[in-house]
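A closer look at the structure
Below, each chain spelled out in residue letters.
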Amino acid sequence: MDSEKQTLSKKDPEKEKRKNKNEKKLTVGTWVVILIAWYLITKFEIFSPTLLPSPSRVLTTFFRLLEDGYNGVSILSHLRASFRRLFLALALANATAVPLGLLSGYFSKIEAIIDSVVEFYRPLPPLAYYTLLILWFGIDDKSKIILLFLAAFAPIYLACVSAVSKINENYILSAKSLGANQKNVFFKIVLPACLPEIFTGIRTAFGVSYTTLVSAEMIAATSGIGWMVFDASNFLKSDVIFVGIIIMGITGVLIDAGLRFLERKIVYWKGHV
Amino acid sequence: MENEVKKEVLIEINNLKLIYGSEGDSILALENINLEIRRGEFLCVLGPSGCGKSTLLKTIAGYIKPTGGSCLMQGKPITGPDWHRGVVFQSSTLYPWMSVKDNVEFGPRMRDIPADEVKKISKFFLEQVKLTGFGDKATFELSGGMKQRVALARVLANYPQVILMDEPFGALDALTRNNMQKLIRDIWKENNSTIFFITHDVDEALSLATRIVVMSKRPGRILKEFNVGFTHRLYKDNSIEVMYNEEYFNVKNEILGLINSQIEE
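The model shown is predicted, which means the values in this text are computed figures rather than measured ones.

What about the interface of chain A and chain B?
Taken together, the contact pairs 19 residues of chain A with 25 residues of chain B. Counting residues per element, the side of chain A that touches chain B draws most heavily on helix α8 (residues 169-177) of chain A, which supplies six residues. Its residues placed into classes, the side of chain A that touches chain B shows nine nonpolar, eight polar and two charged.

Structure (structure tokens):
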């Protein structure tokens, strides 16, 4: 069984490389087509330029925003405001969801306490309870960080519970037969065995809280990249909206790439459990 | 067959009974098992699949508590797993987040052995399983046979009183399996280990064991014990293949007959 799996996973590296190359070409090609289509549509003014700005106008707006900022506030400090909220919330979610999730997976009594609460609020759109959080914690960053924390908590927590339930029982038995005590079993075996799935949970949590962040900033904020886009839409500054959306997209992709890089470095053995 | 001097009893199983599951939905897995494992023995357990061989091993390891009867190690009841009884599973349970060396050193480290001593131990046993120079490799870079050798070294590193092996070579190809059999025999002889070895391969049992226990189908009972000595000859001749002779075939046929009678019923 073991050797079968091995031969299955062994792919021809040359073939893989070629496949990757072709797929990269396709990805780049798709974006070139999108950009050309955008350029042509604006060139022939199929839609009003107020609604769909040309690529060149978006680009000049981008440089203008970089230089002068939006409404006197630099674009970097908008980004900083957004990411401060995001990363504080994610750090808080990691610090609580990982231990609670692992414990829930380990002790069914703890799971009985936490799980139903998480299952109840998880499908709720975060903005539904955001109004409550604003009433309770005020309209500034505190309510936003708590909102993002709640959005990020569920995916990390659930990933941890499921990771513990999937651990190869024999990993734990071997460790005990090798002389490991309860504490060592947890820190040397259970925790590392769960890391790949925890990472997946963190990446999902990042995605969820990032979208939540932008929407929250559109509802109630005076700073942040989401607020900038919302404010620009009030004044029909479509070029600013475009710049904002493109920045959000690119930063999202970059952060996910960073998380994936960390994942490859830390859980390099993923898939070999 | 050689007459062995009676040695110290390490494991003593009396009237062991094991029931899985709760009332109403329970399975009687083992019944009336009486078995002794003596120091220096190579005990092989044979039986039809599902006969409770693994359950017996898990009880000795301390993973399962007996429903009835007792399971003693050096006179004391076995209450849970500990490092005096090392276990090698059928598919390797090497930890992929640790290097080969760290896997071997896991046991001694857990027992707070001084670091320089741990280094010596892992070097020694990696050499014994012929994996010198593989210490820094990741476990998933190894072949199936190599993995089982690391798993063996990891258990040996604790100098356990008894090594429990649950079909350790069952997932390996025939050639690798023969080499592994020679390796485990040599290690058993050199270290004077005590091994409890589960297999479904009669030839494997005959070429390794000093004693073979044949179990019935479920509920598992011990049908018969055979004292055999082919492994001594193989060790002396330093060979891999058994010299098939009449004695060998007589024992083999009797064992096969016993096992088949269990399957056909």
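Examining the domain arrangement of chain B
Residues and elements named next belong to chain B. Domain parsing of chain B yields domain 1 (9-84 + 161-264) and domain 2 (94-159). Taking the mean C-alpha position of each, domain 1 and domain 2 sit 25 Å from one another. In this complex, domain 1 contributes ten residues to the contact, which on the side of domain 2 involves ten residues. Looking at the side of domain 1 that touches domain 2 element by element, the count peaks at four residues for helix α5 (residues 174-191). Its residues assigned to classes, the side of domain 1 that touches domain 2 comprises nine nonpolar, one polar and no charged.

Details of helix α11 (residues 238-266) of chain A
Residue pairs spaced three or four apart in an α-helix point in one direction, given the helix's 3.6 residues per turn. For α11 of chain A, with 29 residues, the first-to-last C-alpha span of 42 Å sits near the 42 Å given by 1.5 Å per residue. The secondary structure elements touched by the buried residues of α11 of chain A are α3 (55-68), α9 (182-219) and α10 (225-234) of chain A.

Section: the pairing of strand β2 (residues 27-38) of chain B
It is a general feature of regular strands that their side chains alternate between the two faces of the sheet. All names here are of chain B. Judged from the eight bridges that link them, strand β1 (residues 9-20) and β2 form a sheet pairing that is antiparallel. Counted as the bridge partner of Val9 is Arg38 from β2. Linking two consecutive strands that pair antiparallel, namely β1 and β2, is a turn of six residues; a positive phi of about 80° is found at Gly21 within it.

Concerning unusual backbone geometry
It is generally the case that most residues other than glycine have a negative phi and that most peptide bonds are trans. Following Arg218 of chain B, the chain continues to Pro219 of chain B via a peptide bond in cis, the omega torsion being -5°. Inspection of the secondary structure puts Pro219 of chain B in the loop between β9 (211-215) and β10 (222-227). For Glu45 of chain A, which is not glycine, the phi dihedral falls at a positive 50°. Among the secondary structure elements, Glu45 of chain A is positioned in the loop between α2 (13-43) and α3. Positive phi, close to 45°, is recorded for Gln74 of chain B, a residue that is not glycine. Judged by local crowding, Gln74 of chain B falls into the partly exposed class, with 13 C-beta atoms found within 10 Å.

Comments concerning the packing of helix α5 (residues 108-121) of chain A against helix α7 (residues 141-166) of chain A
All names here are of chain A. In contact at an axis separation of 10 Å, α5 and α7 are set at 130° when each is read in the N-to-C sense. The orientation of α5 with respect to α7, classified from their angle, is oblique. Taken as a pair, α5 and α7 cross one another with a handedness that is left-handed. Of the residues in α7, those touching α5 at Glu111, Val118 and Tyr121 are Leu150, Ala154, Tyr157, Leu158 and Val161. Residues belonging to the contact of α5 with α7 are distributed by class as follows: seven nonpolar, no polar and one charged.

Examining the nonpolar core
Of all hydrophobic cores here, the largest spans 133 residues; its most connected members are Ala152, Ile156, Tyr157 and Cys160 of chain A together with Leu43, Cys44 and Phe196 of chain B. Residue contributions to this core peak at 17 residues, all from α7 of chain A. Sequence-distant contacts of Ile156 of chain A, that is, excluding residues within four places in its chain, are made with Ala93, Asn94, Ala97, Val98, Gly101, Ile198, Gly201, Ile202 and Ala205 of chain A.

Here's the deal with the sheet that holds β2 of chain B
All names here are of chain B. Spatially, four strands are ordered β2-β1-β4-β5 in an open sheet, and the strand pairing comes out antiparallel. Two strands close off the open sheet at either side, each with one partner strand: β2 and β5 (76-77). In terms of strand pairing, strand β4 (residues 68-73) meets β5 through two bridges, oriented antiparallel. Each bridged residue has a counterpart across the sheet, and for Leu72 the counterpart in β5 is Pro77.

Structural notes on α8 of chain A
Taken together, the buried positions of α8 of chain A are occupied by Ser174, Ala175, Lys176 and Ser177 of chain A. Among the structural elements, α9 of chain A together with α1 (53-61) and β6 (85-88) of chain B are those in contact with the buried residues of α8 of chain A.

Conventions used here
- Residues numbered from 1 in each chain as written.
- Chains lettered and ligands numbered in written order.
- Predicted model: local features only at pLDDT ≥ 70, side-chain atom pairs only at ≥ 80, totals over all residues.
- Contact = placed C-beta atoms within 7 Å.
- Helix = DSSP H or I, 4+ residues; strand = E, 2+ residues; numbered from the N terminus.
- Nonpolar A, V, L, I, M, F, W, Y, C, P; charged D, E, K, R; others polar.
- Domains from an automatic or database assignment.
- Expected span 1.5 Å × (residues − 1).
- Pairing = 2+ DSSP bridges.
- Buried ≥ 20, exposed ≤ 12 C-beta atoms within 10 Å, placed from the backbone.
- Axes fitted to C-alpha atoms, helices over the stretch in contact; angles between N-to-C directions.
- Parallel < 35°, antiparallel > 145°, perpendicular 65-115°, else oblique.
- Left-handed = near helix turned anticlockwise from the far one by under 90°.
- Core = buried A, V, L, I, M, F, W, Y, C linked by C-beta atoms within 7 Å.

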